[in-house]
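# Reading the structure
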Amino acid sequence: MPDPTSVVIKGGRVVDATGERVADVVVVDGRIAAVGEDLSADRILDATGCIVGPGLVDLHSHLRQPGKEEAETVETGARGAALGGYTAIVAMPNTSPAIDSAGVVREVLELGRTAPCDVFTSGAITVGRAGEQLAPMAEMAELGVRLFTDDGAGVQDNRLMRRAMEYATGLGATLAQHCEDDALCGGGHMHEGEWSARLGIPGQPAEAEELMVMRDIALARLTGCRIHFQHLSTERSVAMVRDAIAAGLPVTAEATPHHFTLTHAECAGYDPVFKVNPPLRTAADVAAVKAGLADGAIGVIATDHAPHAPETKELPFDEAPPGMLGLETALALALTELDLPIQQVLAALSWQPAAVVGIGGTHGVSIAAGQPANLCVIDPEATWTVDGAAMASRSTNTPFQGRELRGKVRHTVLHGEPVVIDGEAQR
Ligand code: DOR
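Overview of the structure. Quantities reported herein were computed from a predicted structural model and do not represent experimental measurements. (Residues numbered from 1 in each chain as written. Predicted model: local features only at pLDDT ≥ 70, side-chain atom pairs only at ≥ 80, totals over all residues. Heavy atoms only, no water.)

This paragraph deals with a nonpolar patch on the surface. A surface patch of nonpolar side chains, amounting to about 260 Å² of accessible area, comprises Leu 184, Leu 211 and Met 214. You can see Met 214 is positioned in helix α7 (residues 206-223). By relative accessible area, which is 45% here, Met 214 ends up partly exposed. (Patch = residues over 30% accessible without salt bridge, like charges linked within 9 Å, V, L, I, M, F, W, Y side chains within 5 Å. Areas by Shrake-Rupley, 256 points an atom, 1.4 Å probe, with all protein chains shown as cover. Salt bridge = Lys/Arg side-chain N within 4 Å of Asp/Glu carboxyl O. Helix = DSSP H or I, 4+ residues; strand = E, 2+ residues; numbered from the N terminus. Buried < 20%, exposed > 50% of the residue type's maximum accessible area, 1.4 Å probe, protein only.)

This paragraph deals with the sheet that holds strand β10 (residues 174-177). The five strands lie next to each other as β9-β10-β13-β14-β15, forming an open sheet whose pairing is parallel. Each edge of the open sheet carries a strand with a single partner, namely β9 (147-148) and β15 (300-301). By the bridge criterion, two bridges tie strand β14 (residues 251-255) to β15 in an arrangement that is parallel. Pairing of Glu 254 across the sheet is with Val 300, part of β15. (Pairing = 2+ DSSP bridges.)

Moving on, we come to the packing of aromatic side chains. What the rule picks out here adds up to zero aromatic pairs. Above the face of the Trp 195 ring, Arg 198 is positioned so that its terminal group lies 4.2 Å from the ring centre. The aromatic ring of Trp 384 is capped on one face by Lys 408, whose charged end is 5.1 Å from the ring centroid. (Phe/Tyr/Trp six-rings, centres within 6.5 Å; stacked < 30°, edge-to-face > 60°. Lys NZ or Arg CZ within 6 Å of the ring centre and 35° of its normal.)

Moving on to the site of the ligand. Neighbouring the ligand are 13 residues, the closest being Arg 64, Asn 94, His 178, Asn 277 and His 308. His 62 is positioned such that a nitrogen or oxygen atom in its side chain is 3.3 Å from an oxygen atom of the ligand. At 3.0 Å, a backbone N or O of Pro 322 approaches a nitrogen atom of the ligand. Considered on its own, the ligand offers 290 Å² of accessible surface; in the complex 94% of this is hidden by protein. When grouped by side-chain class, the residues that make up the shell around the ligand number three nonpolar, seven polar and three charged. (Near = heavy atom within 4 Å. Polar contact = N/O pair within 3.5 Å; in protein donor to acceptor, adjacent residues only side chain to side chain. Nonpolar A, V, L, I, M, F, W, Y, C, P; charged D, E, K, R; others polar.)

This part takes up the state of the cysteines. When the sulfur atoms of two cysteines share a covalent bond, that bond is a disulfide. Under the definition given, this model contains zero disulfides. Its sulfur unpaired, Cys 117 is 11 Å from the next cysteine sulfur, which belongs to Cys 376. The thiol of Cys 179 is unpaired, and the distance to the nearest cysteine sulfur, on Cys 185, comes to 11 Å. Judged by relative accessible area, Cys 179 falls into the buried class, the value being 4%. (Disulfide = S-S within 2.5 Å.)

Attention now goes to the sheet that holds strand β6 (residues 56-61). Taken together, the three strands give an open sheet; going across it, the order is β6-β7-β8, and neighbouring strands pair in parallel fashion. With one partner strand each, in any of the chains shown, β6 and β8 (118-121) form the two edges of the open sheet. Ignoring which end each strand starts from, the neighbouring axes of this sheet average 20° apart. Direction of pairing for strand β7 (residues 86-91) relative to β8: parallel, over a ladder of four bridges. Considered in β8, the bridge of Ala 91 is made with Thr 121. (Axes fitted to C-alpha atoms, helices over the stretch in contact; angles between N-to-C directions.)

Once that is clear, we can look at the pattern of salt bridges. The final tally for this structure, using the stated rule, is 17 salt bridges. In this structure, the salt-bridge partner of Arg 21 is Asp 16, at a minimum N-O distance of 3.3 Å. With relative accessibility at 30%, the residue Arg 21 sits in the partly exposed group. For Asp 16, a relative accessible area of 1% corresponds to the buried category. Glu 166 serves as the salt-bridge partner of Arg 162, at 3.0 Å between the closest nitrogen and oxygen. Of this pair, Arg 162 and Glu 166 are both found in helix α4 (residues 158-171), four residues apart, which corresponds to roughly one turn of the helix. Residue Glu 166 is classed as partly exposed on the basis of its relative accessible area of 33%. Each of Asp 46, Arg 410 and Asp 422 takes part in a single network of salt bridges with overlapping partners.

Attention shifts here to the pairing of strand β2 (residues 19-28). Examined bridge by bridge, strand β1 (residues 7-16) and β2 share eight bridges and lie antiparallel to one another. Its bridge partner being in β2, Val 8 is matched across the sheet by Val 26. Here β1 folds back onto β2 in antiparallel fashion, the turn holding two residues. When β2 meets strand β3 (residues 31-36), the two strands line up antiparallel, connected through five bridges. Across the sheet, Asp 24 pairs through a bridge with Gly 36, a residue of β3. Between β2 and β3, which follow one another and run antiparallel, lie two residues, and Asp 29 among them has a positive phi close to 55°.

Pasting the structure below:
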């Protein structure tokens, strides 16, 4: 139900795709009613010293429902997202059962209906994400699914991937790929290199990612299908994507905060909190991911928020599942670790991901009268210390525990309703 109460976000620096200006923003009935000086309304959200931007959009959230509710639910994931400044998230399909049919899509969308963040879902490319048979993408597309991926795994079979691309093109959908060649990765638990050798942990070579990036660029050329590369992690992957974009191919890519901040050296203590797929790589790879974000080869920062309950994650390194929390730390990591102008950070966290998933009319919009009021207010100078136990997630597996970060979400407004006020979730 739209709330007729008017809200004014007061005294902030408004930043969107069109530029920036100091202005108050009035929100009424789910929409922006006015942007200007000295505006008033029934309620005031103070934004002094803050950035007022469009709400963030995450293309890569593992919400674990259905099937692994002990690790996360749609509701707890969405609450963490709202606290992290997100107004829209896209659920990944590696649930139990997988999100590979209209029935499961409906279930996830229904669970998201009352969440404090808009919940969209991806659909699997193949039935059960097993990589053998195409999933019924058309029936999922009819329910609004615009992004298909087998995330958690890459589609191994070249011919099947070609067919998936042809099918998706007909539906106007985008395929997103988790690039990992299973045969090359088999049995690897971290990046194959100096640290895996020292630690005696079997590794996954960078080439296991790069081969699939290379193949999918070739197939995008063949089919004309839009392909989005998920969590790119190697220097050569970034270079290939940069060249593909320059050649005019319909390619986009995302990077995660952990891949632009952490290296494989973090695994030195065998702590499974640093185990993730694709794995943490070398300092040169981290630098290349940052350079890709700076020059636009990588247009999206996505979290790969991957909660795991302590009893499943806190195992010996080679037995633990890969994955780390991300929704509540992504923005602050981008502000702390990337030396980019705020508008570029918001582009990668808000309107560029919104465009990839086709929700740019509702999220990541410019802040002007008449637009949907999905907004976040960020204090760019506030510092805080990461604590997994204090997060909204049902899990605590953050690799940034104890780290001091700069940049804090102060308020999040979803369809005109303040769902986070002064860093506190309102529902
Ligand atoms: O580290 C990861 N965790 N990578 C994936 O691709 C899947 C994810 C998960 O679902 O936990």
